[in-house]
Amino acid sequence: MKVPTQEIKILNSTVKVFFRREDLIHPFVSGNKFRKLKYNLLQAKKEKHHTILTFGGAFSNHIAATAYAGKKNGFQTIGIIRGDELAFKIEENPTLKFAQDCGMKFDFVSREDYRMKDSLDFISNLNQKFGSFYLVPEGGTNSYAILGCEETLTDDDTIYDYICCSVGTGGTIAGICNSASPSQKVLGFPSLKGDFLQKDICNFAKQDNFSLISDYHFGGYGKVNEELIDFINSFYKENKIPLDPIYTGKMVFGVIDLIKKNYFPENSKILLIHTGGIQGVAGMNLKLKNKNLQTIQFDD
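Model, not experiment: these values are computed from the prediction.

(A) Summary view of the nonpolar core. The biggest cluster of nonpolar side chains holds 35 residues, and the ones touching the most others in it are F189, F235, V252, F264, I270 and L272. When residues of this core are traced back to their parent elements, those giving at least two are β2 (16-20), β7 (162-167), β8 (185-190), α9 (226-239), α10 (248-260), β10 (269-273) and α11 (280-290). It is α10 that contributes the most residues to this core, seven residues altogether. Other than its neighbours up to four places away in sequence, L272 contacts V17, F18, F19, R20, C164, M251, V252 and V255. I52, A58, A65 and Y134 belong to the second-largest nonpolar core, a separate cluster that totals 23 residues.

(B) Molecular detail of the side chain of D244. Relative to the helices and strands, D244 is located in the loop between α9 and α10. One buried charged side chain, D244, makes no salt bridge at all; its nearest oppositely charged neighbour is K250, positioned 8.3 Å away. At 2.8 Å, the side chain of D244 forms a polar contact with the backbone nitrogen of Y247.

(C) Representation of the sheet that holds strand β3 (residues 51-56) in the model. Spatially, β5-β4-β3-β6 is the arrangement adopted by the four strands of the open sheet, whose pairing is parallel. Lying at the two open borders of the sheet, with one neighbouring strand each, are β5 (105-109) and β6 (134-135). In the sheet, β3 pairs with β6 via two bridges, with the strands oriented parallel. Counterpart to I52 in the pairing with β6 is Y134. Sitting on the sheet, helix α5 (residues 120-130) touches β3, β4 (76-82), β5 and β6, and the angle it makes with β3 is about 135°.

(D) Local environment of the sheet that holds β8. Strand order in this open sheet of six strands is β1-β2-β10-β7-β8-β9, and the pairing throughout is mixed. Among the strands making up the open sheet, the edge pair consists of β1 (5-8) and β9 (210-212). Neighbour-to-neighbour, the strand axes of the sheet open up by a mean angle of 25°, direction not taken into account. Sheet strands in contact with α10 are β2, β7, β8 and β10, and its direction is about 165° off that of β10.

Definitions and limits used
- Residues numbered from 1 in each chain as written.
- Predicted model: local features only at pLDDT ≥ 70, side-chain atom pairs only at ≥ 80, totals over all residues.
- Heavy atoms only, no water.
- Core = buried A, V, L, I, M, F, W, Y, C linked by side-chain atoms within 4.5 Å.
- Buried < 20%, exposed > 50% of the residue type's maximum accessible area, 1.4 Å probe, protein only.
- Helix = DSSP H or I, 4+ residues; strand = E, 2+ residues; numbered from the N terminus.
- Contact = heavy atoms within 4.5 Å.
- Lys, Arg positive; Asp, Glu negative; His and termini not counted.
- Salt bridge = Lys/Arg side-chain N within 4 Å of Asp/Glu carboxyl O.
- Polar contact = N/O pair within 3.5 Å; in protein donor to acceptor, adjacent residues only side chain to side chain.
- Pairing = 2+ DSSP bridges.
- Axes fitted to C-alpha atoms, helices over the stretch in contact; angles between N-to-C directions.

These figures capture arrangement, not role.
Take a look at the structure:
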């Protein structure tokens, strides 16, 4: 699969920046969600499952992508959703409404119960409730997801000195680390606070060729401010590339800030990985409107 790569002009810098437009892979299953689901769907078919069950929050890219991919590949889909109050707000939530329209069934659980989602008792209760299913973890990260994410880079990408991507559950960067050449440095930009990511990534990464840049999470997962929204809107006007505010927007903000601070050696070539997630912008804009704040605009 040939994915477009677009150069980004950075004023007053010898650093060259290129954007891998993984967001253009598919309108509904884009970026790393396509990569993570590819081999999971094949494995589910191999094991003769008819139902895929997974987890996510109110505006989860993974929930939306799994619902659509499941429908197109002949699977029933079940979403275990964090927040039991959301059961009464499906029509108000663009992500959940889309997933429901794709045929996904929901089970809304309290945030307290959701923290137990990886326990054997929790999974056993789900089996009793729904019967047999193929389980995909929250965010989609497992060994099959890593196989898909390893295909993000190609042999032609050895020309880049740095590969940069956002980090959620760590699957995407682990796959990129595995396929990067020994001379390349992989930089991950976590979208959430916490020291656990290093260990999670090392569970799947076969090379110790990455660093986490933890200064650009903007307060944590799902947190934004006026500066970030301004940046996303300005970036779109200049480059016609939409950025999501949860993952890729924070990563690009961080990379450009580091360029201004001379973090990268002169004449470095940097490849940015767009992990998709644009469907979540509608949900973020609802939150911003409720607070009477500036929204994200991709209108020409």
